[in-house]
Number of protein chains: 2
Amino acid sequence: MFLAKIRVTLKPTVNDPQGKTIAQALGRLGFDSVESLRAGKYFEVELDESERAQADVKVKAMCQQLLANPVIERFEYDLEPAG
Amino acid sequence: MFLAKIRVTLKPTVNDPQGKTIAQALGRLGFDSVESLRAGKYFEVELDESERAQADVKVKAMCQQLLANPVIERFEYDLEPAG
């Protein structure tokens, strides 16, 4: 059993209006040291796999096929034993 | 300058229909080892602070005030020197 912690973010060159809006809201709340903010998605996936290498292949494939849009997003993940 | 990598997730007791839907979609794509999936939010925030303790206080406060809904969500973050 493995737990994958997946972070999906927009590529640096892609505009992030959601992140800009949140950064402005933080500024209005008094957080004036915020230089920039990028918003993304986060997934925790429990996988019933016994071998790390196999779990790693699965996680990469599900990111490429469904969880991230490879045209505008990139992904990274940590894989840890669970359960 | 610090970079905060913030993960916001639903509390374990809170229903996650988005996560369930994504898990089902992965199942239909052939990823039959997916046991569960929880969906959350991810933020990367650049902070113009010189001291780690101060940056830490700011990040915690912005999570509590804006980035997470403390009633149904929890947050965790890493803080690393940047730029």
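Treat the numbers as computed from the prediction; the structure is a model and nothing was measured.

This brings us to the packing of aromatic side chains. Taken as a whole, this structure holds two aromatic pairs over all chains when the rule is applied. When the centroid spacing of 6.4 Å and the interplanar angle of 15° are considered together, the rings of Phe75(A) and Tyr77(A) count as stacked.

Another aspect to go through is the interface of chain A and chain B. Counting from both sides, the interface comprises 33 residues of chain A and, opposite them, 33 residues of chain B. It is Phe31(A), Ser33(A) and Tyr42(A) that lose the most area in chain A upon contact with chain B, and together they represent 21% of the buried surface on that side. Mapped by element, the contributors of at least two residues to the side of chain A that touches chain B are β1 (2-10), α1 (17-28), β2 (34-47) and α2 (52-67) of chain A. Take the side of chain A that touches chain B: its biggest share by element is 14 residues, from β2(A). Partitioned by chemical class, the residues of the side of chain A that touches chain B number 17 nonpolar, five polar and eleven charged. The pairing of β2(A) with strand β2 (residues 34-47) of chain B spans 13 bridges and is classified as antiparallel.

Right, let's get into helix α2 (residues 52-67) of chain B. Those residues of α2(B) lying buried are Ala55(B), Lys58(B), Val59(B), Ala61(B), Met62(B), Cys63(B) and Leu67(B). Buried residues in α2(B) make contact with α1 and β2 of chain A together with β1 (2-10), β2 and β3 (73-81) of chain B.

Another aspect to go through is the environment of Asp48(A). Residue placement: Asp48(A) occurs in the loop between β2 and α2. Of the residues examined, Asp48(A) reaches a relative accessible area of 46% and is grouped as partly exposed. On a C-alpha basis, the gap between Asp48(A) and Leu26(A) in space is 40 Å, while along the polypeptide they are 22 residues apart. Those residues in contact with Asp48(A) that lie beyond four places of it in its chain are Met1(A), Ser33(B) and Glu35(B).

Criteria and thresholds
Residues numbered from 1 in each chain as written. Chains lettered and ligands numbered in written order. Predicted model: local features only at pLDDT ≥ 70, side-chain atom pairs only at ≥ 80, totals over all residues. Heavy atoms only, no water. Phe/Tyr/Trp six-rings, centres within 6.5 Å; stacked < 30°, edge-to-face > 60°. Contact = heavy atoms within 4.5 Å. Buried area = accessible area lost by both parts, 1.4 Å probe. Helix = DSSP H or I, 4+ residues; strand = E, 2+ residues; numbered from the N terminus. Nonpolar A, V, L, I, M, F, W, Y, C, P; charged D, E, K, R; others polar. Pairing = 2+ DSSP bridges. Buried < 20%, exposed > 50% of the residue type's maximum accessible area, 1.4 Å probe, protein only.

The quantities given are spatial measurements derived from coordinates; they are silent on function.
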